[in-house]
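Fold and contact review
Okay, here's what each chain looks like letter by letter:
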Amino acid sequence: MKKNHMHRGIVLAGMISLFLFVSGCGFMQAYQEIQFFAMDTLMQVELSGKKSDIEQIRKIVEDLEDDVSVTDVQSELYQINHRTVSAIELSKPIARLLNEELAITETTNGALNPALYPISCAWGFTTDHKRVPSAEELAALLPKTDWRQIQLSNQNLTLPDGMELDFGATAKGFASDLCADYLREQGIKHALLNFGGNTYTIGTNKKGEYWKIGIRDPWDETAQGMIGVLESTNEAVITSGSYERYFEQDGVRYHHIMDGTTGLPARTGLVSVTIVCESGVKADGLSTALFVMGLDQASNYWRQYKGFEAIFVTEDGKQYYTEGLENRYHPTQGQKAEVIRL
Ligand code: AMP
Ligand code: MG
């Protein structure tokens, strides 16, 4: 079967699933869909519920975006990064986000580091002026990224001078958690949130089947190809890939996922990491962290901590997926794939 023909009924980054809908499945509530632009990406939501539900989803995402923008002077994150005192009281959602992110920072020993913002800025990933910073510049910035100095107690945050945070690695996953909380409270049984390829599934699709999530082919420039399809329900499915944001200089490609020990884009032989678990923050945070760790360390992390499943794609075009996905992940025909076992 040709790759393009496999798209039917499958949701992939940047694509709404136009073919999912078959009528007459006993749905009590109308089917709603919306697409909007937020957090630098296209957000697509489909659910069976009221129009007000989908409007509320949009509001939750936009409110969070207002809080975590690094550039909007009104945002909570901007206030944190431009503080005049070292101790700040956070809002409840941002305290929850930072608390959940720091839990992953600790277990991954800083592979996920919310304090890498000065490094991302030096590379110009936060602006349109991407550049390769000098070794001296990076060496001067690295001491400002010591996540062990972040002190968070309930809503009280204390940061050392010069430290700046960024929730780029977890905000979309967190947005999906807030939305999923809301949808569950409303008793919604069928919903799919696709936040720029970061997906969250609730219940089943209209046909009563598990949602089908396409895992993006990192080498397909059209962003439409997939390397496999995952059947999913009630969980986040989130991918970090070096193809998402990058630039080239003197024939070298530099991407946006940073190794906090060097200040350089992480080069570990991986091109993408997909994490599957109930928490969006955890899936988003771990997808970034395990990318930084590389396949061997990441597999060991999975063996030690469990509580999530993963799909890794390596530079040599092979994929590895954890055994919990064995019955519901289907690599595309012709893909070299291996199962990681305990
Ligand atoms: P993601 O696409 O979820 O992997 O997140 C990447 C974004 O998170 C980047 O654009 C940066 O804003 C930020 N980031 C990059 N490297 C790291 C890291 N090692 N830990 C935490 N955040 C990072
Ligand atoms: Mg992430």
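Residues numbered from 1 in each chain as written. Chains lettered and ligands numbered in written order. Predicted model: local features only at pLDDT ≥ 70, side-chain atom pairs only at ≥ 80, totals over all residues. Heavy atoms only, no water.

Digging into the coordination of the magnesium ion (ligand 2)
Which entries qualify depends on this criterion: Each metal site is built from N, O and S donor atoms within 2.8 Å (3.2 Å for Na, K and Ca), and since water is not included, such sites may look incomplete. In this description a helix means any DSSP run of H or I spanning at least four residues, a strand means any run of E spanning at least two, and both kinds are numbered starting from the N terminus. A 1.4 Å probe rolled over the protein chains alone gives each residue an accessible area, and that area as a share of the maximum for its type sets the label: buried under 20%, exposed over 50%, partly exposed in between.
The magnesium ion (ligand 2) binds to the protein through Ala169 (O), Asp284 (O), Asp284 (OD) and Thr288 (OG1); the donor distances cover 2.2 to 2.5 Å. For the magnesium ion (ligand 2), all donor residues lie on one chain, and their spacing in sequence is A-x114-D-x3-T. Separated by 119 residues along the polypeptide, alanine 169 in the loop between β5 (156-158) and α6 (171-185) and threonine 288 in helix α7 (residues 280-293) bring together distant segments of the chain. Alanine 169 gets classed as buried once you look at its relative accessible area, which sits at 17%.

Brief notes about the sheet that holds strand β6 (residues 190-195)
Backbone hydrogen bonds hold the strands of a sheet together, and the pairing may be parallel or antiparallel. Spelled out, the test is: By definition, two strands form a pair when at least two bridges between them are found by DSSP. Note on geometry: axes are lines fitted to C-alpha atoms, helical ones only across the stretch in contact, with angles between N-to-C directions running from 0 to 180 degrees.
If you walk across this open sheet you meet the 9 strands as β1-β2-β6-β7-β10-β15-β16-β17-β19, and the pairing is mixed. Taken across any chain shown, the strands that pair with only one partner, and hence form the sheet edges, are β1 (31-38) and β19 (336-340). In this sheet, neighbouring strand axes are inclined to one another by 10° on average, regardless of whether the strands run parallel or antiparallel. Bridging between strand β17 (residues 318-322) and β19 involves 5 bridges; their strand directions are parallel. Along β19, the bridge assignment pairs threonine 322 with isoleucine 340.

Some thoughts on the site of ligand 1
Where we set the bar: The nearness test applies per residue and asks whether one of its heavy atoms lies within 4 Å of the molecule or strand. In this classification, the charged set is Asp, Glu, Lys and Arg, the nonpolar set is Ala, Val, Leu, Ile, Met, Phe, Trp, Tyr, Cys and Pro, and all remaining amino acids, among them Gly, are polar.
Asn113, Asp166, Ser240, Met258 and Thr288 are the nearest of the 17 residues found near ligand 1. Here the element with the most residues in the shell around ligand 1 is α7; it accounts for 3 residues. Residues of the shell around ligand 1, tallied by class, amount to 7 nonpolar, 6 polar and 4 charged.

A look at helix α1 (residues 51-68)
Here is the rule we go by: Here the expected length of a helix is defined as 1.5 Å per residue gap, with one fewer gap than residues. Arc definition: directions from the helix axis to the C-beta atoms. Residue contacts are counted whenever heavy atoms from the two residues lie within 4.5 Å of one another.
End to end, α1 covers 26 Å across 18 residues, agreeing with the expected 26 Å (1.5 Å per residue, within 8%). For α1, the complete set of buried residues consists of Asp53, Ile54, Ile57, Ile60, Val61, Leu64 and Val68. Relative to the axis of α1, the buried residues are bounded by an arc of 110° and lie together on one face. Those residues of α1 that are buried lie in contact with β1, β2 (41-48), α2 (76-81), α3 (92-107), α6 and β6.

With respect to the nonpolar core
Inside soluble globular proteins, nonpolar side chains tend to come together where they are buried. Quick reminder of the rule: Buried residues of nine kinds, namely Ala, Val, Leu, Ile, Met, Phe, Trp, Tyr and Cys, make up a nonpolar core once their side-chain atoms join them within 4.5 Å.
Core analysis: the biggest nonpolar cluster contains 73 residues, and Leu165, Leu290 and Phe312 have the highest contact counts within it. Apart from residues no more than four positions distant in its own chain, phenylalanine 312 is found in contact with Leu270, Ser272, Val273, Leu290, Leu295, Ala298, Lys318, Gln319, Tyr320 and Ile340. By size, the runner-up hydrophobic cluster in this structure holds 15 residues, among which are Trp211, Leu230, Ile311 and Tyr321.

Re the sheet that holds strand β9 (residues 226-232)
Taken together, 3 strands build an open sheet; the order of strands is β8-β9-β18 and the sheet is antiparallel. The sheet terminates laterally at β8 (211-216) and β18 (329-331), the two strands that pair on one side only. If you compare each strand with its neighbour and ignore which way they point, the axes differ by 20° on average. Where β9 meets β18, 3 bridges bridge the pair, whose relative direction is antiparallel. Note on β18: the bridge partner recorded for valine 229 is histidine 330.

As for the pairing of strand β10 (residues 235-241)
Counting buried positions over the 7 residues of β10 gives 7, a clear majority of the element. Burial along β10 is two-sided: the residues Glu235, Val237, Thr239 and Gly241 and Ala236, Ile238 and Ser240 are all buried. In this sheet, β10 lies alongside strand β7 (residues 198-203) in antiparallel orientation, the contact comprising 3 bridges. From the neighbouring strand, threonine 199 faces β10, where its bridge partner is valine 237. Bridge count for β10 against strand β15 (residues 270-277) is 6 bridges, and the pairing is antiparallel. Among the inter-strand pairings, serine 240 is bridged to a residue of β15, identified as valine 273.

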